[in-house]
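# Fold and contact review
Listed below, chain by chain, are the residues.
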Amino acid sequence: MPDSTLNTSYQSKKIIWYFLLGWTILNIIQGYAFELHADEAYYWLYSRFLDWGYFDHPPMVALFIRFGDSIMHNELGLRILTITVSTASIYILWLILKKYNANAKLFVIVIACMFMCHMYGFTTTPDSPLFFFAVVFYYFYQKYIERDTWLLAFILGVVIACLLYSKYHAILLIGFTVLSNIKLLKRPSFWLIVVLASVLFIPHILWQAHHNFPSLNYHLSERSAEKYHPEFTYLFPLGQILMAGPLIGWFLFYKGFTAKITDGFIRCLMVNSIGTPIFFLISSFRGEVQPQWTYIAFAPLILLIVINFAQKPNLPKWFYPVAYANIAIIVCVRVALISGIPIGRLQSQFGFKQWAYAVKQRAGDNYVVFNEGFQNPSKYDYYNNTLKGFSYDDRYYRGTQFDIWPIEDSIQHKRVLYVLTFKAPRLTTDSIKVPAGTWYTGWVNDVRTYQKVTVDNGNYKMSLPAGQKHTFDLVIKNPYPIAINFSNKNQLHHAFLEACFFDEKGDAKIQQADTTFNNIALKSGQGTHYKFTIVTPKLKGQYELMFSIRTEPFNGSKNSRIVKFTAE
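Below or above, wherever it landed, is the structure these notes cover. Quick caveat, the model's predicted, so the values are computed rather than measured.

Within the chain, the secondary structure is distributed over 19 helices and 15 strands. Taking 24 Å as the expected radius of gyration for a compact globule of 568 residues, we find that the chain reaches 26 Å, a close match to that expectation. Once local pairs closer than 6 in sequence are excluded, the contacts in the chain between residues at least 24 apart make up 75%. With an accessible surface of roughly 25400 Å², the chain has 61% of that area assigned to carbon and sulfur atoms. Side-chain charges in the chain split into 52 positive and 36 negative, and the spacing between the mean points of these groups amounts to 6 Å.

Turning next to the environment of Leu172. With respect to the element layout, Leu172 can be found in helix α9 (residues 170-180). Taking the relative accessible area as the measure of exposure, Leu172 reaches 12% and is therefore buried. Separated by 125 residues in sequence, Leu172 and Ala297 place their C-alpha atoms 9.3 Å apart. Those residues in contact with Leu172, other than ones at most four positions away along the chain, are Asn272, Thr276, Phe279 and Phe280.

Attention shifts here to the pattern of salt bridges. Evaluated as defined, the whole model comprises 16 salt bridges. Between Lys353 and Glu75 there is a salt bridge, with the nearest N and O atoms lying 3.2 Å from each other. Of the two residues, Lys353 sits in helix α17 (residues 352-363) while Glu75 sits in helix α4 (residues 75-97), which places them 278 residues apart along the sequence. The class for Lys353 is partly exposed, based on a relative accessible area of 28%. For Asp430, the salt bridge is made with Arg362, and the minimal N-O distance between the two is 3.7 Å. One end of the pair, Asp430, is in strand β4 (residues 430-434); the other, Arg362, is in helix α17, and 68 residues separate them in sequence. The structure contains a network of salt bridges with shared partners spanning Lys99, Glu146 and Asp263.

Mapping Asp69 onto the fold places it in helix α3 (residues 60-69). Given a relative accessible area of 10%, Asp69 falls into the buried group. Within the local environment of Asp69, its side chain forms a polar contact with the side chain of Trp44, the two groups lying 3.2 Å apart.

Another point: a nonpolar patch on the surface. Together, Leu179, Ile182, Leu185, Trp191, Val194, Val195, Val199, Ile202 and Leu206 make up an exposed nonpolar region whose accessible area comes to about 810 Å². At 6 residues, helix α10 (residues 188-210) tops the list of elements feeding residues into the nonpolar patch. Summarising the element assignment, Ile202 is placed in helix α10.

Another point: helix α2 (residues 38-48). Within α2, 9 of the 11 residues are buried, which leaves the element mostly enclosed by the surrounding structure. Along α2, the residues that are buried comprise Ala38, Glu40, Ala41, Tyr42, Tyr43, Trp44, Leu45, Tyr46 and Ser47. If you follow the buried residues of α2, they end up packed against α3, α4 and α18 (375-383).

Glancing now at the sheet that holds strand β6 (residues 454-456). Here 3 strands make up an open sheet; going across it, the order is β6-β8-β13 and the pairing antiparallel. Looking at the sheet topology across the chains shown, the edges are occupied by β6 and β13 (527-535). Strand-to-strand twist in this sheet, taken as the mean axis angle between neighbours without regard to direction, amounts to 30°. Where β6 and strand β8 (residues 469-477) come together, 3 bridges link them in antiparallel fashion. In the strand pairing of β8, Asp456 is matched with Val475.

Glancing now at the packing of α17 against α18. Angle between the axes and distance between the axes are the two parameters that describe a pair of packed helices. α18 packs onto α17 with a crossing angle of 80° between their chain directions and a minimal axis gap of 9 Å. Relative to α18, α17 is oriented roughly perpendicular. Facing Phe352, Lys353, Trp355, Ala356, Tyr357, Val359, Lys360 and Ala363 of α17, the residues of α18 in contact are Asn376, Lys379, Tyr380 and Tyr383.

Let's shift gears to the sheet that holds strand β7 (residues 461-464). Read across the sheet, 5 strands follow the order β7-β15-β14-β10-β11 without closing on themselves; strand pairing throughout is mixed. Strands at the two margins of the open sheet, each flanked by one partner only, are β7 and β11 (508-512). For this sheet, the mean angle separating the axes of adjacent strands, direction not counted, is 30°. In terms of strand pairing, β7 meets strand β15 (residues 563-567) through 4 bridges, oriented parallel.

Taken together, the 5 bridges between β4 and strand β5 (residues 437-444) define a ladder with antiparallel strand orientation. Looking at β5, one finds that Ile432 is bridged to Trp439. The antiparallel hairpin formed by β4 and β5 contains 2 residues in its connecting segment.

What follows deals with the environment of Asn326. Residue placement: Asn326 occurs in helix α16 (residues 319-338). Of the residues examined, Asn326 reaches a relative accessible area of 0% and is grouped as buried. Considered as a pair, Asn326 and Pro246 are 80 residues apart in the sequence and their alpha carbons are 6.5 Å apart. Discounting chain neighbours no more than four positions away, the residues touching Asn326 are Cys113, Gly245, Pro246, Leu247 and Ile248.

What follows covers unusual backbone geometry. Cis geometry marks the peptide bond from Glu552 to Pro553; its omega dihedral reads 5°. By the element assignment, Pro553 lies in the loop between β14 (541-551) and β15. Of note in the backbone geometry, Arg426 takes a positive phi value of approximately 65° without being a glycine. Positionally, Arg426 belongs in the loop between β3 (416-420) and β4. Non-glycine residue Asp446 carries a positive phi angle of around 50°. Tracing the chain through its elements places Asp446 in the loop between β5 and β6.

A few words on the nonpolar core. Ranked by size, the top nonpolar core spans 84 residues in total, and within it Phe107, Met114, Phe137, Tyr138, Tyr144, Phe298 and Ile302 carry the most contacts. Sequence-distant contacts of Phe107, defined by excluding residues within four places in its chain, comprise Ile16, Ile90, Leu93, Trp94, Leu97, Ile302 and Val306. In terms of nonpolar packing, the next biggest core, distinct from the first, is built from 45 residues, Phe374, Tyr380, Tyr383 and Tyr392 among them.

Right, let's talk about the pairing of β5 for a bit. Where β3 meets β5, 5 bridges bridge the pair, whose relative direction is antiparallel. Across the sheet, the residue bridging to Tyr418 is Gly442, located in β5.

Glancing now at the packing of aromatic side chains. In this structure the tally under the stated criterion is 55 aromatic pairs. Where Phe34 meets Phe350, the ring centres are 5.7 Å apart and the plane angle is 70°; that geometry is what we call edge-to-face. Highlighted residues: Phe34 in the loop between α1 (3-33) and α2 and Phe350 in the loop between α16 and α17, separated in sequence by 316 residues. Here the aromatic rings of Phe352 and Trp439 are separated by 6.0 Å at their centres, their planes lie at 75°, and the arrangement is edge-to-face. In this pair, Phe352 sits in helix α17 while Trp439 sits in strand β5, placing the two residues 87 residues apart along the sequence. The same class applies to Phe352 and to Trp439, which are both buried. These aromatic residues form a ring-pair network of at least three members: Tyr42, Tyr43, Tyr46, Phe49, Tyr54, Phe374, Phe390, Phe402 and Trp405. When the ring centre of Trp443 is taken as origin, the NZ or CZ atom of Arg415, which lies over that ring, is 4.1 Å away.

Criteria and thresholds
Residues numbered from 1 in each chain as written. Predicted model: local features only at pLDDT ≥ 70, side-chain atom pairs only at ≥ 80, totals over all residues. Heavy atoms only, no water. Helix = DSSP H or I, 4+ residues; strand = E, 2+ residues; numbered from the N terminus. Rg over C-alpha atoms; globule rule 2.2 N^0.38 Å. Contact = heavy atoms within 4.5 Å. Areas by Shrake-Rupley, 256 points an atom, 1.4 Å probe, with all protein chains shown as cover. Lys, Arg positive; Asp, Glu negative; His and termini not counted. Charge placed at Lys NZ, Arg CZ, Asp CG, Glu CD. Buried < 20%, exposed > 50% of the residue type's maximum accessible area, 1.4 Å probe, protein only. Salt bridge = Lys/Arg side-chain N within 4 Å of Asp/Glu carboxyl O. Polar contact = N/O pair within 3.5 Å; in protein donor to acceptor, adjacent residues only side chain to side chain. Patch = residues over 30% accessible without salt bridge, like charges linked within 9 Å, V, L, I, M, F, W, Y side chains within 5 Å. Pairing = 2+ DSSP bridges. Axes fitted to C-alpha atoms, helices over the stretch in contact; angles between N-to-C directions. Parallel < 35°, antiparallel > 145°, perpendicular 65-115°, else oblique. Core = buried A, V, L, I, M, F, W, Y, C linked by side-chain atoms within 4.5 Å. Phe/Tyr/Trp six-rings, centres within 6.5 Å; stacked < 30°, edge-to-face > 60°. Lys NZ or Arg CZ within 6 Å of the ring centre and 35° of its normal.

Dropping the structure here:
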């Protein structure tokens, strides 16, 4: 090998290794200094209740967190495996690019320019393992295209299972990869990949079936917006450009999408990097799409950009100054956050450690019930290293994993501290004021809730004349390990079954069942039929119908699936 080639190879390795070292150190510092995002705290709770699935996501993120948290219970511990695989992902991407005579300096610049890579270089969400296993997939798939061996097929089967256990978006990578190379279907070894990945994923499918497919219902139905808003669509491409680099993202997308397809692997990268954003652009017509959902497409995009740089080495003169300015902006933002300076929407991520301690001081060893979603209960639990914070998922909010975990079972007939974001007459008696905001608290004795009870009318879509009486034959089931009853006799807090018709504004028209509902008593696992007569809304239009069991002083839980209801 000529000396010049050896020298170039040495310089490339030097650039890569110095960058990986700096990248890892920066992520460690930020991972330690930066307070948890609410989602990270929620996923920490996943890791306390290890299972084959969860309401929102598959379980890989729980394993990532459980590994680090078992070493040390702090922000860095929760994020340490993410930081490790982030560095590993960059190195594997470089190994993939070696075949294409890639330039190490340009590769490093591309990674450093991408705001998305910085965000998930230390933040632990399902996107972190998804990106890592996507990179591992491309590494072995590149080899599999060239060498059709059973060993590579076996490895790919395992990797695809890991992708599916990371996030459901993995289905896009699988589908677009096959679409880019239909000839794979003719390989006997390809079917080993399919069978192995499917078999390994069966435990999660069984978990979903056992819990009535909550993820499928949430992601495909409940997550859809009531009404289409144009900003869902036109803000999506702008968000993608920002994630690729605030100053230079547009150019990086251009370089990636104009790479010359010279082999089957580059074609795979192209189909994935274009197909995934198009899929989510189309999805924006049915609801808001978060920018990070395309993170899985950034792995092939990075590869395509650097491959294009190798194919067309002549860069515009402005490229390096703009790229360095782009990197400087991102680094300044990261340093500011490390220093505790809140920026933009990230202001909501500061001050909750102090808040969690303040609430714990008020609650003592009692359970704490929150009324504002899964975020703050999760932060409370994480920062106090407890499982006594509970999210009451009322009918005005979406379902969460708190509807499945046994935490609710533990608060029955106990005295709990109720934490709200507003003053409630005759309930809140004090407040907690910290830099993160103000919360109002009150004590609730002899708590009684039925958040897990299911109410099913057998329909998910129906139409009836406006203002007409209709009797539903409801099936009410008790999933709790103990017997329950809805009697109000000698009860401090009364229970009510209510039919809620939500209009397009989210306002609910509520009708209450008669007192025969309070005669129902169910053994563990038992179900019963109950006739509930309602009057359909007098105003014609589209509604969402939900059946809710309300116990004072709470708003009522989501006990049925949403029924798309039309008053004709």
